[in-house]
Amino acid sequence: MRLKQIVAVALVDSLKQPTQLLAARRDRPAALTGQWEFPGGKVEPGEQPLQALHREIREELGIEIELGEEIYGPLDQGWGLNETTAMRVWFAEIRSGNPRPLDGHDELRWLPLQADLATQVAWIPADAPIVAACLADAKEPVNLDVK
């Protein structure tokens, strides 16, 4: 079964030597309000995942990004969020602009990439394994030569 595709970024302060990760606090829907996540959103019909990712980040944060490596999940379509949806996540850094919570979020917070990353904020439960993978992958500089 083909799952609905979501795309997101693990926005870090530096792709080469990341020390901080940007988390975004949801302001809707009610079931997710106040929980934290990776910024991103749905791939629309006719859109490629990377097109959708850049569009979503412009809409949600008002910035342009430079992509790094993908944080691969256990499924062909990335990380299972529920029975019908999967999310692909890439490391990224800011190319231009200053991130602000424009759509879907009411607060942004830079978190130190350290052992307690998973408990620094109340992450959406489906994002927990992605947070752990992000922390593990961030220990090594992102290899931009690998695509």
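In the block above lies the structure referred to throughout.
Residues numbered from 1 in each chain as written. Predicted model: local features only at pLDDT ≥ 70, side-chain atom pairs only at ≥ 80, totals over all residues. Heavy atoms only, no water.

**Things to note about the overall build of the protein chain**
And then number 1: Tallying secondary structure elements over the protein chain gives two helices and eight strands in all.
And then number 2: Each helix and strand of the protein chain, ordered N terminal to C terminal, gives the series β-β-β-β-α-β-β-β-β-α.
And then number 3: Its C-alpha radius of gyration of 14 Å places the protein chain within 12% of the 15 Å reference for a compact globule of 147 residues.
And then number 4: For the protein chain, buried positions account for 45% of its 147 residues.
And then number 5: The long-range fraction of contacts in the protein chain, counting pairs at least 24 apart against all pairs at least 6 apart in sequence, stands at 69%. (Helix = DSSP H or I, 4+ residues; strand = E, 2+ residues; numbered from the N terminus. Rg over C-alpha atoms; globule rule 2.2 N^0.38 Å. Buried < 20%, exposed > 50% of the residue type's maximum accessible area, 1.4 Å probe, protein only. Contact = heavy atoms within 4.5 Å.)

**Quick word on helix α2 (residues 128–138)**
And then number 1: Taken together, the buried positions of α2 are occupied by Ile130, Val131, Ala133, Cys134, Leu135 and Ala138.
And then number 2: The inward-facing, buried residues of α2 contact β1 (4–11), β2 (20–26), β5 (64–71), β6 (79–80) and β7 (85–96).

**Some details on the sheet that holds strand β8 (residues 105–112)**
And then number 1: The strand order across the open sheet built from three strands is β3-β2-β8, with neighbouring strands paired in antiparallel fashion. Among the strands making up the open sheet, the edge pair consists of β3 (36–37) and β8.
And then number 2: Looking at chain direction, β2 and β8 are connected through seven bridges and run antiparallel. Across the sheet, alanine 23 pairs through a bridge with arginine 109, a residue of β8. (Pairing = 2+ DSSP bridges.)

**Here's the deal with the side chain of glutamate 47**
And then number 1: Its location among the elements puts glutamate 47 in the loop between β4 (40–42) and α1 (49–61).
And then number 2: For glutamate 47, a relative accessible area of 17% gives the class buried.
And then number 3: Glutamate 47 has contacts with Lys42, Ala52 and Arg55, leaving out every residue within four places of it along the chain.

**So, the side chain of glutamate 60**
And then number 1: Secondary-structure assignment places glutamate 60 in helix α1.
And then number 2: One buried charged side chain, glutamate 60, makes no salt bridge at all; its nearest oppositely charged neighbour is arginine 26, positioned 5.4 Å away.
And then number 3: There is a polar contact of 3.1 Å between the side chain of glutamate 60 and the backbone nitrogen of glycine 40.
And then number 4: In this structure glutamate 60 touches Pro39, Gly40, Gly41, Arg100, Pro101, Leu102, Asp103 and His105, once residues within four positions along its chain are discounted. (Lys, Arg positive; Asp, Glu negative; His and termini not counted. Salt bridge = Lys/Arg side-chain N within 4 Å of Asp/Glu carboxyl O. Polar contact = N/O pair within 3.5 Å; in protein donor to acceptor, adjacent residues only side chain to side chain.)

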